Amino acid sequence: MKHRRGIGLAPPDHHAVEIDKVTLRTLPQWFVIYARCRACRRQTLLERRDVTRRCGQDLSLAELAKRLKCQRCDNRSGNLLFLQMLPRD
Ligand SMILES: [Zn+2]
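Residues numbered from 1 in each chain as written. Predicted model: local features only at pLDDT ≥ 70, side-chain atom pairs only at ≥ 80, totals over all residues. Heavy atoms only, no water.

A. Local environment of the coordination of the zinc ion. The zinc ion binds to the protein through Cys37 (SG), Cys40 (SG), Cys70 (SG) and Cys73 (SG); the donor distances cover 2.3 to 2.4 Å. Taken together, the four donor atoms coordinating the zinc ion span angles of 104 to 118° at the metal, a pattern that classifies the geometry as tetrahedral. Sequence spacing of the donor residues for the zinc ion, all on one chain, is C-x2-C-x29-C-x2-C. Of this pair, cysteine 40 sits in the loop between β2 (31-36) and β3 (43-46) while cysteine 70 sits in the loop between α2 (61-67) and β4 (80-85), and the two are 30 residues apart along the sequence. A residue is classified by how much of its surface remains accessible, and cysteine 40, at 23% relative accessible area, is partly exposed. (Donors = N, O, S within 2.8 Å, 3.2 Å for Na, K, Ca; no water. Tetrahedral: all angles 85-135°; square planar, octahedral: opposite > 155°, others 65-115°. Helix = DSSP H or I, 4+ residues; strand = E, 2+ residues; numbered from the N terminus. Buried < 20%, exposed > 50% of the residue type's maximum accessible area, 1.4 Å probe, protein only.)

B. Quick peek at the environment of cysteine 55. In this fold, cysteine 55 is placed in helix α1 (residues 48-55). Note on cysteine 55: relative accessible area 27%, which makes it partly exposed. Taking C-alpha positions, cysteine 55 is 9.3 Å from leucine 24, a pair spaced 31 residues apart along the chain.

C. The arrangement of the confidence of the model for the protein chain in detail. Model confidence for the protein chain is summarised by a mean pLDDT of 84, while 81% of its residues fall at 70 or above. Between the elements of the protein chain, mean pLDDT differs from a low of 54, seen in strand β1 (residues 14-15), to a high of 95, seen in β3. Taken as a whole, residues 5-12 scores under 50 in pLDDT and shows 12 contacts with residues more than four places along the chain or in a different chain. (pLDDT = per-residue confidence, 0-100. Contact = heavy atoms within 4.5 Å.)

D. Spatial organisation of the pairing of β2. Note that β2 and β4 share six bridges and pair antiparallel. When the bridges of β4 are listed, valine 32 appears paired with glutamine 84. Two strands pair when backbone bridges link them, and β2 and β3 are joined in this way by four bridges, in the antiparallel orientation. Within β3, the position partnered with isoleucine 33 by the bridge is leucine 46. Once β2 ends, the chain turns through six residues before running back antiparallel as β3, passing arginine 41 with a positive phi of about 65°. (Pairing = 2+ DSSP bridges.)

Listed below in structure tokens is the structure:
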């Protein structure tokens, strides 16, 4: 499958996507994923390759968000994902 339409591709910086529909497989390669802890606001870049290896390509981003655990305060609830588009040629 090629890149999906309909996931807010337009403005730069952070994006709202339908994270219950987008999986690690369908998310275009030029997006990087950040996770943010709701409790302590720690923000960290998720390595897509690591996540894919651990969870598989068909994990939706919504499921991924539920599995996140903050490395600083161990909070597991309400953690957020953000997508950032890398510059393309
Ligand atoms: Zn935290």
